[in-house]
Amino acid sequence: RRCDLSAIMPLSGLMHRRFMPLAVALLTITIFVFDVITPVGVALSILYVLPLLLTFPSPRERDQFYVCLIATVLLWLGLFLKPNGLHWEYAVVNRVLGTLVLCLLGYGVYQLKRTQTSLTEAETRRAKALQDLMFEREERSHAETAFLGAEENRHRAEKEYLGSQLRLEGIIQSAMDAIITVD
């Protein structure tokens, strides 16, 4: 059984448009701050995946690209703002891997949203085609009913015509007998 969420959905869309960009920005800044204050070898770059995933329900198509770009810039900026540590090579490798994960995930979310949009559009076209087919079948049913009614009326008219023709022949035959009898 499906729940009817049609009354809730407009509110959800409104909340997403107003509050989700703020939540994504705050989460991204928080991750950046934690990234800057943690030691060089700790891989906090993977946390940038969270704001990126929060862009999925966004109605705007390219939000995940913007978040991915901002997160990548902050990811590398955090590396240069950190105090120097012993594991500089690990930090660079972590940043490269983090950037790769962000880019791949951003592209994946973009493709998923495009596929979902295409699927929704295809489902809408399918529903319209089905509605048109049902309308066509209903019209065809009405046409067949009208045809059968017309066919029945034609048969009735033929019977009446035949009956009328037989009566006329009977009257003419009687009139001929009457003419012959009077003669």
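Provided above is the structure to which this section pertains.
First things first, this report covers the structure right here in the doc. Just so we're clear, the structure is a prediction, and the values are computed from it rather than from any experiment.

Here the focus is the pattern of salt bridges. Oppositely charged side chains can pair when the atoms bearing their charge come close. Within the structure shown, the criterion is met by eight salt bridges. The residue Arg156 makes a salt bridge to Glu152 at a minimum N-O spacing of 3.6 Å. Here Arg156 pairs with Glu152, and both are found in helix H4 (residues 88-182), just four residues apart, close to one helical turn. Sharing partners across several salt bridges, the network here consists of Glu151, Arg154 and Glu158.

Scanning all chains against the criterion turns up one aromatic pair. Where Phe65 meets Tyr110, the ring centres are 4.9 Å apart and the plane angle is 50°; that geometry is what we call tilted. Separated by 45 residues along the polypeptide, Phe65 in helix H3 (residues 63-81) and Tyr110 in helix H4 bring together distant segments of the chain. You can call Phe65 partly exposed: its relative accessible area is 30%.

Here we take up the side chain of Gln64. Structurally, Gln64 is set in helix H3. If near-sequence neighbours (up to four positions away) are discounted, Gln64 is found in contact with Leu52, Thr55, Gly106, Val109, Tyr110 and Lys113.

Take the side chain of Ser45 next. Note on placement: Ser45 falls in the loop between helix H1 (9-37) and helix H2 (49-54). Filtering out sequence-adjacent residues up to four positions away, Ser45 remains in contact with Leu75, Asn94 and Gly98.

Rules used throughout
- Residues numbered from 1 in each chain as written.
- Predicted model: local features only at pLDDT ≥ 70, side-chain atom pairs only at ≥ 80, totals over all residues.
- Heavy atoms only, no water.
- Salt bridge = Lys/Arg side-chain N within 4 Å of Asp/Glu carboxyl O.
- Helix = DSSP H or I, 4+ residues; strand = E, 2+ residues; numbered from the N terminus.
- Phe/Tyr/Trp six-rings, centres within 6.5 Å; stacked < 30°, edge-to-face > 60°.
- Buried < 20%, exposed > 50% of the residue type's maximum accessible area, 1.4 Å probe, protein only.
- Contact = heavy atoms within 4.5 Å.

Read these as geometric descriptors, not functional statements.
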